[in-house]
Amino acid sequence: MLLGAEILVKCLEKEGVEVIFGYPGGAVLEIYDALVKSECIKHILVRHEQGAAHEASGYARASGKVGVCLATSGPGATNLVTGIATAYMDSIPLVVITGQVPTSMVGTDAFQEVDITGITDPITKYNYLVKDPRQLPRIVKEAFHIARSGRPGPVVIDIPRDVSASLLEYEACDHIELRGYKPNVNGHAGQIKQVVQLLMDAKRPLICAGGGVISAGAGQELTKLAEILNVPVVSTMMGLGAIPGDHPLALGMLGTYGVARANLAVSRCDLFVALGMRFDDRVTGNTAKFAPGAKIVHIDIDPAEIGKNVRVDIPLVGDLKIVLNQLAGRLVSKENAVWWEEIASFPPIFGEDQGENPEITVPEIMKAINELAPDNIIFTTDVGQHQIWAAQLLKVKKPRTFISSGGLGTMGYGIPAAVGAQVACPGHTVLVITGDGSFQMGMPELGTALEQDLPLKVLILNNQSLGMVKQLQDHYCGGRYAAVHFKKNPDFHYLAKAYGALALKITRREEIGEKVSEFLRHPGLAVLEVIVTAKDNVYPMVLAGCGLAEMIGRE
Amino acid sequence: MRHTLAVLVENHPGVLSRVAGLFARRGYNIESLVVGETEDKTVSRITLVVEGDEKVIEQVSKQLNKQVDVIKVNDITNEETVERQLLLLKVAADPPVRQEIMQIVEIFRCRIVDIGRRSLIIEATGDEEKIQAIIKSLQPFGIQELVRTGKVAMVRGQK
Ligand SMILES: Cc1ncc(C[n+]2csc(CCOP(=O)(O)OP(=O)(O)O)c2C)c(N)n1
Ligand SMILES: [Mg+2]
């Protein structure tokens, strides 16, 4: 006979779980008791449950495996919510385990009771409240299957204390049957044929790589296909790295903060092939003005995304790795020479030129990183201007090496996501690009990095403000600033020291090369603060209601 | 336009709230929703009446299909169907008008299921049109209480 908690751990081991990010409490005592005995699963104690969810997400994104996190009932569970929503928006596979008050007390407003399945309904792919311990093996197996297959996403398993604590015979579950859940993976042959025809006929074709290319592991297939056709490729923020950022066919990120040549290519193309993306408003700008002269092909594993936000001429449902192979086999090489001539005439970034700013600007730092970063670098970012500059300017060379909260735009994501990525990829240099605002939301997880001996590199781009919101106030509030300037910030240098990190600071332009290099090469945890101008805004920018071609640049 | 969707779902607790939540969240208009067990005890059938243009209805079906617990979604709007709603109606019925009410009940082939001293409860089934007609005919007598289900529908057998 085993405890429900022991059965849970056995099932997790069976799913190949190696790491769990978690935080204990009364409702998960039995689960922790069982977990410490596991020889296969390492538990990483976080500093805040939101960190646990983000860490599982960073782990999942860097490794391609399902990330697992664990928290107690009530506040433990609600602290996970932002992390779950962040993962849901970006289609990241997570299995989230929460403790719950005993079954007999569910519904009585018991101490630390919260209806977490109810709360997470809109932000999970699926969720379970386990009412009978005998169902644990099936539920765990289903949860992992649902989280990782089709369009990935988070799944919550809420386990009442009496379920963890009950004694029963373990019966393995080796087969699941979900009649309502059968993702289509093979592309429809007729549709494939039509897409091939369009690609061959187009004069100004453009491919757009979304996060789906990365989650399908189809980066190489995409690059190969683009090379056969000599087609330019733009990426969403989630799709950065699907094709190497320094590849001659890569035009960079499109969108309301996209780079100019990507946005102009979208606006001029006659065929837009969308791969694994969902046409978020930050990608399209005004949808009525999106790719106005183009036929749109949308290839995605999730049929519900097709036609949701923009009109689609040819829908194609399937797994991108399979579909791109199906397509590549039928294509013959092309030049698209006239199209490339036109693209060459587009300005590369638009507003990239900083002029002679006496203060340091973020693009200068991004340039230094491009020059000095080792090949095995993994970037994570927080949210704000620094994130956009990172997405526009960093050369992201491989899939799963640009980890950022795209859909939800969650400040406080960068540091925990980096913890997760570093746990998944111990030999890699993991660099967090954060702002002075975001840093203070994610900072507690430096404690986790310290405890786990993770050599994260944390770059704080300190503009003493919530720069992105300030930028919005410049454009939408007539430059009247409200609540965007930190009158006092803690001394990041001492905070870094407190976490046992190497603490570096750049205040003058001359120091950039040397200090960035020292920072990136430091073998342990390191924090580099760069004092950057507070006046700069990030461009190009597409204002509300405008199309991508109507982006504005620096004055 | 109004669409009728027949949605087969797993017969679990929680499914209905997921489906209803989906509609609220995405701003779809449900006119009526009826749920009940089917010939297979593990499956429930939800009959939904939704208002929306083709694009909205396509999204509704796709979002429903995406739910793990949803087994099948059928848009039966343009099928030949039998449709029924159930109506219970308490109408004021003092002796002088009782006879007249009973005649109406006869004409519409509904039933009187409770007789009180000053009121009657009438049960009726039928499609939307018939239910509306009954309500309208009984209105002048004074409707004291009215309850009705949404619509259930079934596609007719092949002729
Ligand atoms: C959790 C959360 N709260 C609020 C916001 C709104 N927001 C978007 S960017 C931003 C400012 C970020 O400041 P900082 O991290 O210093 O980056 P900067 O823009 O200055 O580079 C804010 C407040 C958000 N995205 N996430
Ligand atoms: Mg800032």
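- Per an unreviewed UniProt entry, chain B is named Acetolactate synthase small subunit, and its organism is Thermanaerosceptrum fracticalcis.
- According to UniProt, the comment filed for chain B under the heading Sequence similarities (unreviewed entry) is "Belongs to the acetolactate synthase small subunit family."
- Database annotation for chain B, UniProt heading Subunit (unreviewed entry): "Dimer of large and small chains."

### So, the overall build of chain B
Next up, step 1: Each helix and strand in chain B was counted, giving four helices and nine strands.
Next up, step 2: If you list the helices and strands of chain B from N to C, you get β-α-β-β-α-β-β-α-β-β-α-β-β.
Next up, step 3: In terms of overall dimensions, chain B has C-alpha extents of about 60 × 35 × 30 Å along its principal axes.
Next up, step 4: A burial count over chain B gives 38% of its 159 residues as buried.
Next up, step 5: In chain B, 72% of the contacts between residues at least 6 apart in sequence involve partners at least 24 apart.

### Considerations on the coordination of the magnesium ion (ligand 2)
Octahedral metals with six donors have ideal donor angles of 90 or 180 degrees. Tetrahedral metals with four donors have an ideal donor angle of 109.5 degrees.
All names here are of chain A.
Next up, step 1: Around the magnesium ion (ligand 2), the protein supplies Asp436 (OD), Asn463 (OD1) and Ser465 (O) as donor atoms, at distances of 2.1 Å.
Next up, step 2: When the donor residues of the magnesium ion (ligand 2) are listed from N- to C-terminus, their spacing reads D-x26-N-x1-S. You can see Asp436 sitting in helix 18 (residues 436-442) and its partner Ser465 sitting in the loop between strand 18 (457-462) and helix 20 (467-476), a full 29 residues away along the chain. Comparing Asp436 with Ser465, the two get one shared label, buried.

### Focus: the nonpolar core
All names here are of chain A.
Next up, step 1: Ranked by size, the top nonpolar core spans 103 residues in total, and within it Leu222, Leu254, Phe272 and Leu459 carry the most contacts.
Next up, step 2: Excluding residues within four positions of it along the chain, Leu254 makes contact with Cys208, Val234, Ser235, Thr236, Ala262, Asn263, Val266, Phe272, Val283, Phe290 and Leu548.
Next up, step 3: In terms of nonpolar packing, the next biggest core, distinct from the first, is built from 52 residues, Ala418, Val432, Ala501 and Val527 among them.

### Some points on the domain arrangement of chain B
Residue and element names in this part refer to chain B.
Next up, step 1: Domain boundaries assigned for chain B yield domain 1 (2-75) and domain 2 (83-155).
Next up, step 2: When each unit is reduced to the centre of its C-alpha atoms, the spacing between domain 1 and domain 2 is 29 Å.
Next up, step 3: Contacts between the two partners involve six residues from domain 1 and, on the opposite side, five residues from domain 2.
Next up, step 4: Taken together, both faces of the contact between domain 1 and domain 2 bury some 490 Å²; the carbon and sulfur share is 56%.
Next up, step 5: On the domain 1 side of the contact with domain 2, Val34, Arg45 and Thr47 bury the most area, a combined 59% of that side's loss.
Next up, step 6: The interface formed by domain 1 and domain 2 contains zero salt bridges.
Next up, step 7: On inspection of domain 1 and its partner domain 2, the count reaches two residue pairs in polar contact (both at pLDDT 80 or more).
Next up, step 8: By residue number, the principal contributor to the side of domain 1 that touches domain 2 is strand 3 (residues 43-51), which donates three residues.
Next up, step 9: Its residues assigned to classes, the side of domain 1 that touches domain 2 comprises two nonpolar, three polar and one charged.

### A few points about the confidence of the model for chain B
Caution applies to low-pLDDT regions: their predicted coordinates should not be interpreted in detail.
Next up, step 1: Residues at a pLDDT of 70 or more form 99% of chain B, whose mean pLDDT is 95.
Next up, step 2: Quick note on the complex model: pTM equals 0.97, ipTM equals 0.92.

Parameters at a glance
- Residues numbered from 1 in each chain as written.
- Chains lettered and ligands numbered in written order.
- Predicted model: local features only at pLDDT ≥ 70, side-chain atom pairs only at ≥ 80, totals over all residues.
- Heavy atoms only, no water.
- UniProt positions renumbered as here; feature names shortened; annotations may be inferred.
- Helix = DSSP H or I, 4+ residues; strand = E, 2+ residues; numbered from the N terminus.
- Buried < 20%, exposed > 50% of the residue type's maximum accessible area, 1.4 Å probe, protein only.
- Contact = heavy atoms within 4.5 Å.
- Donors = N, O, S within 2.8 Å, 3.2 Å for Na, K, Ca; no water.
- Core = buried A, V, L, I, M, F, W, Y, C linked by side-chain atoms within 4.5 Å.
- Domains from an automatic or database assignment.
- Buried area = accessible area lost by both parts, 1.4 Å probe.
- Salt bridge = Lys/Arg side-chain N within 4 Å of Asp/Glu carboxyl O.
- Polar contact = N/O pair within 3.5 Å; in protein donor to acceptor, adjacent residues only side chain to side chain.
- Nonpolar A, V, L, I, M, F, W, Y, C, P; charged D, E, K, R; others polar.
- pLDDT = per-residue confidence, 0-100.

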